[in-house]
Amino acid sequence: MKPSILKGTRDFTPEQVIKRNYIFDTIKRVFIKYGFQPIETPAMENLETLTGKYGEEGDKLLFKVLNNGNFLEKADKNAIENGDYKKAVPSLSKRGLRYDLTVPFARFVVMNQHDLAFPFKRYQIQPVWRADNPQKGRYQEFYQCDVDVVGSDSLVYEAELSQIYDEVFAALGVQVVISINNRKILAGLAEAVGIEDHFMDMTIAIDKLDKIGLEGVQKEMLERGIPRAASDKIAQILEVQTLEVLKPLLQDSKTGRKGIEELETVFSLLEGYNMHNTLVFDITLARGLNYYTGCIFEVKANTKVYPNLKMGSIGGGGRYDDLTSVFGLNNVSGVGISFGAERVYDVMEELNLFPTAAEQQLKVMFIALDESTFPYAFRALNQVRSAGINAEIYPEPSKMKKQMKYANARNVPFVILVGTEEMASGKLGLKNMASGEQKNLTLEEIVGQLSN
RNA sequence: GUGAGUAUAGCUCAGUUGGUUAGAGCGCCGGAUUGUGAUUCCGGAGGUCGUCGGUUCAAGCCCGAUUAUUCACCCCA
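Let me begin by describing the structure that accompanies this report. Owing to the predicted nature of the structure, the values given are computational and were not obtained by experimental measurement.

## Some thoughts on the overall build of chain A
Regarding its fold elements, chain A presents 18 helices and 16 strands. A compact globule built from 452 residues should have a C-alpha radius of gyration of about 22 Å, whereas chain A, at 28 Å, is more than 25% larger. In terms of principal-axis extent, the alpha carbons of chain A reach across some 90 × 65 × 45 Å. Burial statistics for chain A: of 452 residues in total, 47% are counted as buried. Partitioning the contacts of chain A with sequence separation of at least 6, the portion at a separation of at least 24 is 70%.

## Some remarks on the sheet that holds strand β10 (residues 315–320)
Reading across the sheet, the eight strands line up as β1-β5-β6-β11-β10-β9-β7-β8 and stay open at both edges, with mixed pairing between neighbours. Of all the strands in the sheet, the pair left with one neighbour each is β1 (37–38) and β8 (278–281). Of the pairings in the sheet, the one linking strand β6 (residues 141–150) to strand β11 (residues 334–340) comprises seven bridges and is antiparallel in character. Residue pairing for β11: V149 is matched across the bridge by V335. Contacts from helix α6 (residues 102–111) reach β5 (120–129), β6 and β10, with the element oriented near 135° to β5. Docked against the sheet, helix α13 (residues 254–269) engages β7 (176–182), β8 and β9 (295–301), running at close to 140° with respect to β7.

## Observations regarding the packing of aromatic side chains
Enumeration over the complete set of coordinates arrives at 13 aromatic pairs. Aromatic side chains F31 and Y123 sit 5.6 Å apart centroid to centroid with 50° between the ring planes, which places their arrangement in the tilted category. Of this pair, F31 sits in helix α1 (residues 14–33) while Y123 sits in strand β5; the two residues are 92 residues apart in sequence, bridging distant segments of the chain. Of the two residues examined, F31 and Y123, each falls in the buried class. Between Y54 and Y99, the aromatic rings sit 4.2 Å apart at their centres with planes inclined by 40°, giving tilted as the arrangement.

Cut-offs applied
- Residues numbered from 1 in each chain as written.
- Chains lettered and ligands numbered in written order.
- Predicted model: local features only at pLDDT ≥ 70, side-chain atom pairs only at ≥ 80, totals over all residues.
- Heavy atoms only, no water.
- Helix = DSSP H or I, 4+ residues; strand = E, 2+ residues; numbered from the N terminus.
- Rg over C-alpha atoms; globule rule 2.2 N^0.38 Å.
- Buried < 20%, exposed > 50% of the residue type's maximum accessible area, 1.4 Å probe, protein only.
- Contact = heavy atoms within 4.5 Å.
- Pairing = 2+ DSSP bridges.
- Axes fitted to C-alpha atoms, helices over the stretch in contact; angles between N-to-C directions.
- Phe/Tyr/Trp six-rings, centres within 6.5 Å; stacked < 30°, edge-to-face > 60°.

On their own, these measurements won't tell you what the molecule is for.
This is the structure we're talking about:
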């Protein structure tokens, strides 16, 4: 058969894995620095745990796992005959692949609530799966890197999460714009123009602003049943750039005032912190997910610095006051952000931001020239390894040309040549593959040189 | 789920209004050089033109279907 891999999935070459780990390691280091602890959850969850948490669209994109054994026996035959596939699903599949890391985390918190110290700060770096059609920067299997805090509504965490975004992208060398808004401000906006019942429609439309423009947003709002007078007013307010200007406009809305106050607190906590990137209040930031209740975040590569880059958001998050309640634990507030590692990778690749040093792992390769020197070279290899140097030996003493070619293909910085002369003198040939320079040195001298 | 584009050597791609034996660059293998890779020179291998069907004297090229893939919409990281 012809080998192939599934749509939207990828194999990774050693070079790619090394680069991906560079991103993961950088993110992890910052998470740990801010006091977050790692957890892991299974790739598969009870389908029931996942369904209904991401809206109707999300349910469609959930990967469902077919039951084992004779799954037809227990299938809901009525539903199947009536063509009601949605109703038939629970009888055919009791498991699904996780769609994000937040819902499994909420499940985890509820199940382990008696063993956790609150506020509980966790990070989690694992793959998730979505049956979405792939396109640029979008895959069916991809990693998310999440940090969340549950069990506190302190705004200090919003401030910390902003700093985490800032530090990670500073460390990776990507210049970003971190946008921050507050769902309460959007709620206040809906209140101020009298369309509380169309709150969702309004946020979905606003969320598309950078894609379809202000007129497009107005059009979308009209299509979604928001009266023209209200949409005009909203459009007007969306042009507001600062909290100071916004404040009087939302004065009549208690929720709106609270949202502004929260953002002011976050900004004041961050006073004196030396931000490497841009953190901006952006009233047009909405985020589609409707479980957010407070501050919301989104990160994009800075288009002023990289005008030709075409990539959507590379991170997002926010506060959700009641995520665990669907699993039976009420009044536990959480706030968290996520890094889209795959998109960060694509951005860094496009901008050529990976350090070349990260690609080199093997330091030296031994080349034995004949059968009699091979065991000698192998023992020398072990000594080099004992000194903590990454090393290997070409598996057979074949033609030097062939061995050199392999070393070159492997991108090894040094080779050590071992022939009968070298074995007799105890001085091995250390060759620098980049410069071509070659010196005869004792094993001790070689170890000393390679240890630098 | 909806729409558009693409499918030719291991990779990136040419291929004329349909007309002899389908090409290039890179890579791969061998040699120049039996103790030196990357550079140079010489030689070589490698294709059911995604798949199935149709039109035609003749199809890589035209038509239909199908699969894969890319991009966009919806939604999202």
